[in-house]
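Topology and contacts: notes
As a plain string of letters, each chain reads:
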Amino acid sequence: MKMKRRFAIFSILWISCWTSAVLAQEAGSGDVLINELEYFEKPGLNVMLFHDFYPEGHQGGVAFIQHGVRTATNGDLRLEPTPGQWQPLPKMGDRVVDTKKNEIYVNLSFPDTSKHLKGFNPIVYPDLEMDYTVRVTSEGSAFRVTVDLKEPLPAEWVGKVGFNLELFPTDLFGKSYYMDGRSGLFPRQVNGPMYKDYRGEFQAEPMAVGKKLTVAPEMPEQLLQIESFREELKLIDGRGNHNNGWYVVRADVSAGATTKAIDWLITPHVIPNWLYEPVVHVSQVGYHPNQDKKAIIELDKNDGSSHKAILKKLSASGGYEEVKSVSPEKWGKFLRYNYVILDFSEVKDPGLYQVSYGESKSNVFKIDSDVYKRHVWQPTLEYFLPVQMCHMRVNEKYKVWHGLCHDDDALMAPTDINHFDGYVQGSSTLTKYKPLEHVPGLNVGGWHDAGDYDLRVESQAGTVHILSLAYEEFGSDYDQTYIDQENKLVEMLHPDGKPDMLQQVEHGLLTILGGYENLGRLYRGIICPSLRQYVMLGDGSTMTDNVVYQAKGNEADFDGMWSMKVANEFSKMYDPLSHKDSIKLVADKLDDRMVFTEENPSRTLDVIGGLAAASRVMKEYNPDLSQRSLKAAEELWGIYHELEGKRLTNNKIKALAELILTTEKDEYKKEMLAMKAEIVQNIGNVGWVMGRVMPHIDDEAFQEEINEAVVGLKAEIDKQAGETPFGVPYRPHIWGAGWGIQSFGYRQYFLHTGWPETFSREYMLSALNFVLGCHPGKNTQSFASGVGAESLLVAYGVNRGEWSYIPGGVGSGTALIRPDFPELKVWPFLWQQTEYVMGGGGTNFMFLALASDYLLSNE
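To start, this report covers the structure provided alongside it. For clarity, every value in this text was computed on a predicted model and none was experimentally measured.

**Here's the deal with the packing of helix α3 (residues 457–474) against helix α19 (residues 842–858)**
- Following both chains from N to C, one finds α3 and α19 inclined at 15 degrees, their axes separated by 9 Å at the closest point. Between α3 and α19, the crossing angle belongs to the class labelled roughly parallel. Classified by chirality, the crossing of α19 by α3 is left-handed. Residues T463, I466, L467, L469, A470, E473 and F474 of α3 touch α19, and the partners they reach there are T843, N844, M846, F847, L850, A851 and Y854.
- When the residues that make up the contact of α3 with α19 are grouped by side-chain class, the tally is ten nonpolar, three polar and one charged.

Pasting the structure below:
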């Protein structure tokens, strides 16, 4: 035992000495210079300062990328030890880059009045005015991070304001740290003890406190040392207060401090002569023999190697047979990488293949004519859509995905409120219903939106529209799901003799028409009243009691729940442990979701298109629903079609096209002809719509002008797609571009079928390949969960708390950490990277895969 103890002490001392020696060597290895993109750079290290300003998504402030992995981020002053999504954020001012001093600084201030009780995710700002500057200066291979305050903190804010730096958790689980020589491990789950902070919220006690923190000394690629020259550092597990929290390193701002109120020296370890390991991007599913096939190989921009790209075929008896070995074609630089491409389109023999480049290899993929026949689009229809179905119990053999949920829908939302998820109810309900009055007919149909449990009308209509067009184009009678609307029951992997696609269209129409026919207008959305309900994960049936609330004279109490004038009131709702006044509300079971309305002509026109398209495919399957859908579409068109405005044009054209295809009425065709100038001007947004309706417009001049505009559109798409080696436009803002590229591919199908002489099918196929693995960054997985050799298996769905996924759900995809770092982390709480969505997500992917199979098999 003594020998083991001595060995353990020796090991700790050796690691500590090795760490100190390595970091000392790094500190003397020369300055890290500011590059042309205005961040600090050397091989293996990048340090950004407020290139991104999305801290609620763990994307902003001072950020470190070590050896191709973003390890630390969000370095900034915050008003909480572990802030969440609805906590106050500073307003960003000037950002100054001084290459002579080798420093970057940013001026910031509290409050940001543009977000105070306003807009999407409104924030309650406390009474604090504070101007400050965050400055990062390179000192050798270390970085001096300082914060200067214009004025000292008010006395009541001392101990509440501090500088936070967040450490990404997944890569640290089970790894070690030192704080002033004392060691510890980063836990896989958050552990106590807990304490109450000044707001009355529970936080995890710091894991360690001291002046010098060393992160992951056993990991040279992630070794990071932080030293504070003023207040002590606290290492905190942010998941103690928010499931999506990261590890936080924090130092408080002390009383009276102004200049260098925060003074840290951060020393990241950099492996000498480090190069990004080549990544071989291929479709994780594979390729049809008739489609172009390219392996896109991603290299460090300083990589001067010139390996052969080798295509091998796996033998049925084991081993490989070399099929092709060539120097890949140089493509050039995109974002921070260089790319070379292996084109093996000529290979058509069925089988399993792999591409290698040096020591790097792709996953094994298939080439065969049946590549899209199973296990590709089917999981979206078999799993994702059923799991997302609201107002149903959803079973899968021995498993219950969720019980019967939200059967108490819905109460009319109170007036003059700005909901914490962005819903806004004005001074009127816009209906005959009074605030808190139950609206009948809303406890049917619909799909939960993405990782949330709300029903957004655009998500419902978008899903209905895409499913309707998919059925109309490809006629899939695929049936693997039992759906019983009368008894509100779903049994997955249990065929019932009815096409699943039509049953899902029906399910979406039930919620849209239920709202329209009972409210006299479309709903904006249906969502829970409290933040405690909203952040709930797991089984949605536990969110409400499924019993319609009956007013009992406590409406005044309930109205107080909606008040955003009291800081942090959201976090106290439905929590009797921290807010005794809520016990009465819980006892009265005021848990029903709220239905919001709005006057939004553009969104209404978007829904019209979905209703008109669904009417066509429901004609034989459910004639009554078909008639009701068309009736609603035409009634709404009669109200909104005369309105004008730039924001209305695209959706008006889309709605008009679907009405023409459904009814063939001359009045709609005349209106389409009258919009010729708007169509030409907006051809980039509506060209795909026109590809479907052109055969129904008998006007030569109209046809000529639209055809000419389409040629111009093709040239613009060629230009944008040519900017990337992946053959698709890639211009993400905050959210991953996966959804947008799926939508791009979906539209390309109709551009190709409408103008086959102008548009080939290749852009559509490239969009599908992008989703299936051909996208920038080291994570090569398919965005479609459970689809392909490697796929997104930790995703932002309703089961994200279990680090799980829903088969057939499609994540938002690789995000861009500005200005040039593509990222797809293994972490279930980054909505901008891995969130599933309705409408533009899985159903767009399903359409793409169906379309690819159809075209490749028939052209």
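Past the structure itself, the notes keep going.
**Overview of the sheet that holds strand β21 (residues 279–281)**
- Reading across the sheet, the four strands line up as β21-β23-β27-β26 and stay open at both edges, with antiparallel pairing between neighbours. At either margin of the open sheet sits one strand with a lone partner, and together these are β21 and β26 (329–334). In this sheet, neighbouring strand axes are inclined to one another by 25 degrees on average, regardless of whether the strands run parallel or antiparallel.
- Judged from the five bridges that link them, β26 and strand β27 (residues 337–343) form a sheet pairing that is antiparallel. Bridged to K333 within β27 is N338.

**Description of the nonpolar core**
- In this structure, F344, M672, I679, M690 and F847 are the most contacted members of the largest nonpolar core, which totals 183 residues.
- Once residues lying within four places of it in the same chain are set aside, the contact partners of F847 are I466, L469, A470, E473, F474, Y746, Y749 and F750.
- L49, L153, V215 and I226 belong to the second largest nonpolar core, which has 63 residues in total.

**Digging into the packing of aromatic side chains**
- This model, assessed by the stated rule, comprises 46 aromatic pairs.
- Measuring from ring centre to ring centre gives 5.6 Å for Y287 and F365, while their planes differ by 85 degrees; the resulting arrangement is edge-to-face. Here Y287, found in strand β22 (residues 286–287), pairs with F365, found in strand β30 (residues 365–367); they are 78 residues apart in sequence, far enough to count as distant. This pair shows no difference in class: Y287 is buried, exactly as F365 is.

Rules and cut-offs
Residues numbered from 1 in each chain as written. Predicted model: local features only at pLDDT ≥ 70, side-chain atom pairs only at ≥ 80, totals over all residues. Heavy atoms only, no water. Axes fitted to C-alpha atoms, helices over the stretch in contact; angles between N-to-C directions. Helix = DSSP H or I, 4+ residues; strand = E, 2+ residues; numbered from the N terminus. Parallel < 35°, antiparallel > 145°, perpendicular 65-115°, else oblique. Left-handed = near helix turned anticlockwise from the far one by under 90°. Contact = heavy atoms within 4.5 Å. Nonpolar A, V, L, I, M, F, W, Y, C, P; charged D, E, K, R; others polar. Pairing = 2+ DSSP bridges. Core = buried A, V, L, I, M, F, W, Y, C linked by side-chain atoms within 4.5 Å. Buried < 20%, exposed > 50% of the residue type's maximum accessible area, 1.4 Å probe, protein only. Phe/Tyr/Trp six-rings, centres within 6.5 Å; stacked < 30°, edge-to-face > 60°.

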